[in-house]
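Examination of the molecular architecture
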Amino acid sequence: MKETTVDKILGHPLNAWYVAAWDHEVNRKPLARTVANRPLALYRTEDGDAVALSDACWHRLAPLSMGKLEGRDGIRCPYHGILYNSAGRCVSMPAQETINPSATVASFPVVERYRYVWVWLGDAALADPELVPDMHQMDDPEWAGDGLTISVDCNYQLVLDNLMDLTHEEFVHSSSIGQEALSESEFTVHHDERTVTVERWMLGIDAPPFWLKNMRDKFPGFEGKVDRWQIIHFESPTTINIDVGVARAGTGAPQGDRSQGVNGYVMNTISPVTDRSSRYFWAFMRNYRLESQVITTQLRDGVSGVFREDEDMLVAQQAAIDANPDYEFYSLNIDAGGMWVRRLIERQLAAEGRLPAPVAAG
């Protein structure tokens, strides 16, 4: 199958939850964020509720994020002083008592979950909080970890492609998590209407540097072979949680006993900013040595270094796509998971009337 590079630049579904910010970033000072080409003004009411309004005043489109918060839930335009409530309705106009009934700005549904502030930019009637992707490890007391945000100059689909095929680790991350066993191992792909799962096991191998350190954090002085796993779980449209880890070879990890190993989850959710830029929220969560802030910080910083290598590659790839719009892409076996992700997103866009309906899959 081949596609032109232009075909690779997908739109983004609007009837979906996207992360706009970490919960700690939204406070009593307005925050400007763009999600899916929509500029937003984020803030908290005095009661602590997160609010997302269109970042453009009804009067002259001045950014509300440059304004000031007033009262329990209000935000005042910095240009001519129009005051809006958290529902986006004007409640005060300077120099006149009569309020124009059309003086409103869009207010978007917001959900706070898993340490993130999620926004819904499509049909508000469809904004079911139960559709927020499952990232429970982010605030589950049985898991510990931390993460960061990456602003990357590429279409969000390129980030999804990167995460759905981890064989690139052998070449992009050779000094930390990459090894030849990645390309040599078999994998399986499963999918339904909203999810895609790619599962890969590598048995009886040497632990790469990153995982050897983690094993020694739990089992000091560890030596020997390991069984390694990568279980990539995508939930439409832009969340990918990766179950990763290693265990002493032959101790039952493939059958479900991971007690002789270390287990982590790489939590990833990507918010389109524009058609060629994305905001990538990630964290690394672990279920061992939960008390150690040192390990938390080391893992966050180590994974951050790995992701910087990904960012360099993704930015270069986007530049090459822009320079070669008629080039035809070819898919390999390793692209199976990413191709199913693309198919689910295309179906979602088609359901919103923003893409011709795809041919039904066999």
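Preceding this paragraph is the structure being described.
Residues numbered from 1 in each chain as written. Predicted model: local features only at pLDDT ≥ 70, side-chain atom pairs only at ≥ 80, totals over all residues. Heavy atoms only, no water.

1. Description of the packing of aromatic side chains
Under the definition given, this model contains eleven aromatic pairs. The interplanar angle of 80° and the centroid separation of 6.0 Å between the aromatic rings of Phe210 and Phe284 together place this pair among those described as edge-to-face. Taken together, the positions of Phe210 in helix 4 (residues 209-218) and Phe284 in strand 18 (residues 277-286) put the pair 74 residues apart, joining distant regions of the chain. Measuring from centroid to centroid gives 6.4 Å for Trp211 and Phe284, while their planes differ by 50°, and the two rings are tilted. Residue Trp211 is located in helix 4, and its partner Phe284 is located in strand 18; the two are separated by 73 residues in the primary sequence. Of the two residues, Trp211 and Phe284, both sit in the buried class. Connected via pairs of aromatic rings, a cluster forms that spans Trp22, Tyr116, Trp118 and Phe281. The ring centre of Trp340 lies 4.5 Å from the NZ or CZ of Arg343, which sits over that ring. (Phe/Tyr/Trp six-rings, centres within 6.5 Å; stacked < 30°, edge-to-face > 60°. Helix = DSSP H or I, 4+ residues; strand = E, 2+ residues; numbered from the N terminus. Buried < 20%, exposed > 50% of the residue type's maximum accessible area, 1.4 Å probe, protein only. Lys NZ or Arg CZ within 6 Å of the ring centre and 35° of its normal.)

2. Regarding the packing of helix 1 (residues 156-164) against helix 5 (residues 293-323)
Two elements in contact, helix 1 and helix 5, have axes whose closest approach is 10 Å; the angle formed by their N-to-C orientations is 130°. As judged from the angle between their axes, helix 1 and helix 5 are oblique. Of the two possible hands of crossing, helix 1 and helix 5 adopt the one that is right-handed. Residues Leu158, Val159 and Asn162 of helix 1 form the contact with helix 5, whose participating residues are Asp310, Leu314, Gln317, Gln318 and Ile321. Looking at the contact of helix 1 with helix 5, its residues break down into four nonpolar, three polar and one charged. (Axes fitted to C-alpha atoms, helices over the stretch in contact; angles between N-to-C directions. Parallel < 35°, antiparallel > 145°, perpendicular 65-115°, else oblique. Left-handed = near helix turned anticlockwise from the far one by under 90°. Contact = heavy atoms within 4.5 Å. Nonpolar A, V, L, I, M, F, W, Y, C, P; charged D, E, K, R; others polar.)

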